[in-house]
Amino acid sequence: MTALCDELINLISDEALVDKDKLTPGATLADTGLDSVDVISITFAVEEKYGVEIADDAFADIANFGQLLSILEAAVEKKAHSPP
Amino acid sequence: MTTDPGRRIAVTGVGAVCALGHTAADTWAAARDGRGGIARHRFDPGSNGPDAHTTAVALVHGDVVGPLEAALGRRLGHSLDPFAMLALAVSHEALSQAGLLASPSLERRTAVVLGHGFAGIHSLEAAYERFYGQKAAKLHPVTVPKVMVSAPVSAIAMNFSIKGPVFAVSSACSSSGHAIAQGASFIASGQCDIALVGGSEAIATPGCLRAWEGLQAMTPTTCRPFSAGRDGMAIGEGGASMVLEAADHALARGAPILGELCGIGLSSDAFHWTQPSLEGAVSAMTMACEQAGVTGADSVLISTHGTGTPLNDRNEAAAIHAVFGANAKRHPVIATKSAHGHLIGAATALQGVIGLQAIGAGLAPPVLGWLGPDPECDLDLVLGEARPIEAEVLLLNAFAFGGLNTSLVFRRWRH
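Residues numbered from 1 in each chain as written. Chains lettered and ligands numbered in written order. Predicted model: local features only at pLDDT ≥ 70, side-chain atom pairs only at ≥ 80, totals over all residues.

### Considering the overall build of chain A
Within chain A, the secondary structure is distributed over four helices and zero strands. Ordered by position from the N terminus, the helices and strands of chain A form the series α-α-α-α. Relative to a compact globule of 84 residues, whose C-alpha radius of gyration would be 12 Å, chain A shows 12 Å and is just as compact. In terms of overall dimensions, chain A has C-alpha extents of about 40 × 25 × 20 Å along its principal axes. Taking all 84 residues of chain A together, 20% fall into the buried category. A separation of at least 24 residues holds for 58% of the contacts in chain A among residues at least 6 apart in sequence. (Helix = DSSP H or I, 4+ residues; strand = E, 2+ residues; numbered from the N terminus. Rg over C-alpha atoms; globule rule 2.2 N^0.38 Å. Buried ≥ 20, exposed ≤ 12 C-beta atoms within 10 Å, placed from the backbone. Contact = placed C-beta atoms within 7 Å.)

Here it is, written out as structure tokens:
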């Protein structure tokens, strides 16, 4: 797992007040304890921290936590690699 | 409101967090010892606002959230505005003292009624600074649940599994007085056995304090109730709560009884936004004393609204004389806003928590900041240091902006 992934998991755990042990890639959102408001709050926190924008419907079709994490990670990395 | 004389209302738990301490006991100890919490603090609105300014307020010091998370066994993070966090902390303390944490009694026939003059001002101001100052179109997604005035009671219901009537009330500086009255009415009517009541307030933000200063009722130095040279009130942050319980219910489960709520007087001036009326104050105090059966033989500890504004204190002193007549100066008068500041919606509950401990200990805490007598406030003020008192009765006043008055009478518990 990348350092960015670790950082994002810490942020998600702090923002949504869920146990980090539950944030495994294969877990469904219901398994992790994250609800729809948590996902919006997490998105907001990631946007704030990394200066990125994530579309409102980005998570419409996700099946598990791994996919949520991948979308966040991709958004942050895209920003990191974009010209200033 | 008429209480059923067959259903006495006991206080079985109290909680407080304010500039004087993080518990009801610490708050009482500081008030008793004359240790005040009002100090000048600097408020900086940030790069999008005007210059920082300094004003006299009474702030809560230290970490409230960490110990509360430890006590609850769960994380709270930034999920609540400070006004809700304070309410949750004092509710935990009061329920704990009453022996009601995790009690099946909370599942039914238990109410929660808290009063707040404002709402989640810290969160609202941060949101508006983003919106108007930083021109950010997107605001934090839980801004609304953090700001709403009922956030504290919802947080309390969720954290303690309280499933009866749960709501907030608001009447400016009388808010928690009305909350106590409403909780009592649930018990008196037989609808509930327990009511967690009180209030909280957290409004010491750069913008909100400027709004208060606009009224020109804020002191530049400190709160000096009933004193010559008094020049206004000082805002305080904090919260306070009480567990009201049908005395038969409390006795049946062997709960500690800290006092009895035995008189409630509610009135409206229907007069002016900021000027108090003598008639409204006299009406509330008289109603509360009559319902409680206070007689000329009683010694009464009067916990005044005592804001330190020229108008309130003069009017309240006149009201005390009108209600008690020739006996007015027989009753010790305290004004603890001089120590913990004015908690607005939480003021009555906090003064109730302090006052109950005062009549329990037989000691009246001193009025702070006093410079000298004002002939228009000719009362038996407790000055200098705590004074031993005979009083077993507490009369508690709140006279809010907009002319909304509550007076409550508590007695030391007797079987």
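Picking up where we left off.
### Notes on the environment of Glu260(B)
Residue and element names in this part refer to chain B. Here Glu-260 is to be found in strand E9 (residues 259-268). Overall, the presence of 20 C-beta atoms within 10 Å leaves Glu-260 in the buried class. Sequence separation between Glu-260 and Leu-394 is 134 residues, and the spatial gap between their C-alpha atoms is 10.0 Å. Setting aside its immediate chain neighbours within four residues, Glu-260 contacts Arg-8, Ile-9, Ala-10, Phe-410, Arg-411 and Trp-413.

### Points about the interface of chain B and chain A
Interfaces are often sized by the accessible area lost when the parts come together. Opposite the six residues of chain B that make contact, chain A presents six residues. Split by residue class, the side of chain B that touches chain A holds two nonpolar, three polar and one charged. (Nonpolar A, V, L, I, M, F, W, Y, C, P; charged D, E, K, R; others polar.)

### Thoughts on unusual backbone geometry
A positive phi angle, close to 55°, is found at Leu17(A), a residue other than glycine. Structurally, Leu17(A) can be placed in the loop between helix H1 (3-16) and helix H2 (29-32). Residue classification places Leu17(A) among the partly exposed residues on the basis of 17 C-beta atoms within 10 Å. One non-glycine residue, Ile344(B), adopts positive backbone phi at about 50°.

### Details of the environment of Ser91(B)
Residues and elements named next belong to chain B. Along the polypeptide, Ser-91 turns up in helix H3 (residues 82-97). The spatial distance from the C-alpha of Ser-91 to the C-alpha of Val-112 is 9.6 Å, given a sequence separation of 21 residues. The residues touching Ser-91, leaving out its near neighbours within four places in the chain, are Gly-15, Ile-156, Leu-196 and Ser-241.

### Some thoughts on the confidence of the model for chain B
Mean pLDDT for chain B: 96, with 99% of residues reaching 70 or above. Of the two predicted TM-score estimates for the complex, the pTM is 0.95 and the ipTM is 0.82. (pLDDT = per-residue confidence, 0-100.)

### Things to note about the pairing of strand E15 (residues 393-400) of chain B
Residues and elements named next belong to chain B. For E15, a buried count of eight out of eight residues is recorded, marking the element as mostly surrounded by other parts of the structure. Covered by surrounding structure in E15 are Val-393, Leu-395, Asn-397 and Phe-399 together with Leu-394, Leu-396, Ala-398 and Ala-400, the residues of both alternating faces. Of the pairings in the sheet, the one linking strand E10 (residues 300-303) to E15 comprises four bridges and is parallel in character. For Leu-301, the partnering residue across the bridge sits in E15 and is Leu-394. Bridge count between E15 and strand E16 (residues 404-411): eight bridges; the pairing is antiparallel. Directly across from Ala-400, in E16, lies its bridge partner Leu-404. Connecting E15 to the antiparallel partner E16 that follows it, the hairpin turn spans three residues, and Gly-402 within it adopts a positive phi of roughly 90°. (Pairing = 2+ DSSP bridges.)

### Some thoughts on the nonpolar core
Of all hydrophobic cores here, the largest spans 143 residues; its most connected members are Ala195(B) and Val409(B). For this core, the element with the highest residue contribution is H3(B), accounting for ten residues. Per-domain counts for this core show at least three residues from each of domain 1 (9-252) and domain 2 (264-411) of chain B. If you look at the next biggest cluster of nonpolar residues, it comprises 13 residues, including Leu8(A), Ile12(A), Ile42(A) and Phe65(A). (Core = buried A, V, L, I, M, F, W, Y, C linked by C-beta atoms within 7 Å. Domains from an automatic or database assignment.)

### Considerations on the domain arrangement of chain B
All names here are of chain B. Domain annotation of chain B identifies domain 1 (9-252) and domain 2 (264-411). Computed from C-alpha atoms alone, the centre-to-centre distance between domain 1 and domain 2 is 21 Å. Residue-level contacts link 61 residues of domain 1 with 56 residues of domain 2. Those elements that place two or more of their residues in the side of domain 1 that touches domain 2 are strand E1 (9-17), helix H1 (24-32), strand E3 (53-58), helix H7 (175-188), strand E6 (194-201), strand E7 (235-236) and strand E8 (238-246). Tallying contributions element by element places H7 first for the side of domain 1 that touches domain 2, with seven residues. Taken together, the residues of the side of domain 1 that touches domain 2 break down into 31 nonpolar, 26 polar and four charged.

### So, the sheet that holds E1(B)
Residues and elements named next belong to chain B. One open sheet holds the eleven strands; their spatial order is E5-E4-E6-E8-E1-E9-E16-E15-E10-E11-E13, and the pairing between them is mixed. Each having just a single partner strand, strand E5 (166-169) and strand E13 (380-381) make up the two edges of the open sheet. Note: E10 against strand E11 (residues 332-334), two bridges, orientation parallel. Across the sheet, residue Ile-302 finds its bridge partner in E11, namely Val-333.

### Remarks on the sheet that holds E3(B)
Residues and elements named next belong to chain B. In spatial order, the strands read E2-E3-E7; together these three strands make up an open sheet with mixed pairing. On the outer flanks of this sheet lie strand E2 (39-43) and E7, each paired with one strand and no other. Pairing of E2 with E3 involves five bridges; the strand directions are antiparallel. Bridged to Phe-43 within E3 is His-53.

### Describing the packing of H7(B) against helix H13 (residues 347-361) of chain B
Two quantities define a packed helix pair, namely the angle between the axes and the distance from one axis to the other. Residue and element names in this part refer to chain B. Where H7 meets H13, the axes come as close as 5 Å, and the angle between the chain directions of the two elements is 70°. In terms of orientation, H7 and H13 fall into the roughly perpendicular class. Residues Ser-176, Gly-177 and Ile-180 of H7 form the contact with H13, whose participating residues are Ala-347, Thr-348, Ala-349 and Gly-352. (Axes fitted to C-alpha atoms, helices over the stretch in contact; angles between N-to-C directions. Parallel < 35°, antiparallel > 145°, perpendicular 65-115°, else oblique.)

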